Amino acid sequence: MSFLFGGSRPQLSSAEKIAAAETEVEMISDMFNRLSQSCAKKCIPPEYREPDLNKGESVCLDRCVSKFFEVNMKVSEKMQGEAAQKGGAGGGMGGFGM
């Protein structure tokens, strides 16, 4: 609804949309890989005794994933706030959430 304030969001070309989507997929894949490696290293012992996760491992993974996303959201909010402050002085958008 930026048209109410006299501006509008520039239209992206098809190639720009594809590039943005590819970048987003790469970022999500990277985040998933970091999450998987970090939580598996922390919660799952290198020697397997059972074919399934036991209750302790399962609870540990659940908490690890929750904390990972909580921290990720806080960092994202902080970065968006800083980008908005920098962009507010110049009148531009920070580029997050496109």
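Rules behind the numbers
Residues numbered from 1 in each chain as written. Predicted model: local features only at pLDDT ≥ 70, side-chain atom pairs only at ≥ 80, totals over all residues. Heavy atoms only, no water. Helix = DSSP H or I, 4+ residues; strand = E, 2+ residues; numbered from the N terminus. Buried < 20%, exposed > 50% of the residue type's maximum accessible area, 1.4 Å probe, protein only. Areas by Shrake-Rupley, 256 points an atom, 1.4 Å probe, with all protein chains shown as cover. 1 Å grid on protein atoms, 1.4 Å probe; cavity = no way out; pocket = protein on both sides within 12 Å on 5 of 7 lines; lining within 4 Å. Points joined across faces, edges and corners; volume = space filled by probe spheres on them. Nonpolar A, V, L, I, M, F, W, Y, C, P; charged D, E, K, R; others polar. Core = buried A, V, L, I, M, F, W, Y, C linked by side-chain atoms within 4.5 Å. Contact = heavy atoms within 4.5 Å. Salt bridge = Lys/Arg side-chain N within 4 Å of Asp/Glu carboxyl O. Disulfide = S-S within 2.5 Å.

**A word on the overall build of the chain**
So, step 1. Counting its regular elements, the chain contains two helices and zero strands.
So, step 2. When each of the 98 residues of the chain is scored for burial, the buried share is 10%.
So, step 3. Split by element, the accessible area of the chain, about 8500 Å² in all, is 59% carbon and sulfur.

**Details of the layout of surface pockets**
So, step 1. A volume near 180 Å³ is recorded for the second largest pocket.
So, step 2. As for the second largest pocket, its lining consists of I44, P45, E47, Y48, R49, E50, P51, D52, L53, N54 and E57.
So, step 3. Looking at the lining of the second largest pocket residue by residue, the classes come out as five nonpolar, one polar and five charged.

**Digging into the nonpolar core**
So, step 1. Among the nonpolar cores identified, the biggest contains seven residues, and these are M31, L35, C39, C43, L61, C64 and F68.
So, step 2. Elements supplying a minimum of two residues to this core: α1 (14-43) and α2 (55-90).
So, step 3. Here this core takes four residues from α1, the largest share from any one element.
So, step 4. Those residues in contact with L61, other than ones at most four positions away along the chain, are C39, A40, C43, I44 and L53.

**Here we look at the pattern of salt bridges**
Opposite charge on two side chains lets them pair, provided their charged atoms get close.
So, step 1. The final tally for this structure, using the stated rule, is three salt bridges.
So, step 2. With its nearest N and O atoms 3.1 Å apart, the salt bridge here joins D30 to R34. Placement of both D30 and R34 in helix α1 is noted, with a separation of four residues, approximately one turn of the helix.
So, step 3. K74 is the partner of E70 in a salt bridge, and the nearest nitrogen-oxygen pair spans 3.5 Å. With E70 and K74 both in helix α2 and four residues apart, this pair spans about one turn of that helix.
So, step 4. A relative accessible area of 44% means that E70 is categorised as partly exposed.

**A word on the state of the cysteines**
So, step 1. Scanning the entire structure with this criterion turns up two disulfides.
So, step 2. Between C39 and C64 runs a disulfide, and the two sulfur atoms are separated by 2.0 Å. Looking along the S-S bond of the C39-C64 disulfide, the torsion reads about -85 degrees, which is the left-handed sense. Of the two residues, C39 is situated in helix α1 and C64 in helix α2; the sequence distance between them amounts to 25 residues.
So, step 3. The partner cysteine of C43 in its disulfide is C60, sulfur to sulfur 2.0 Å.

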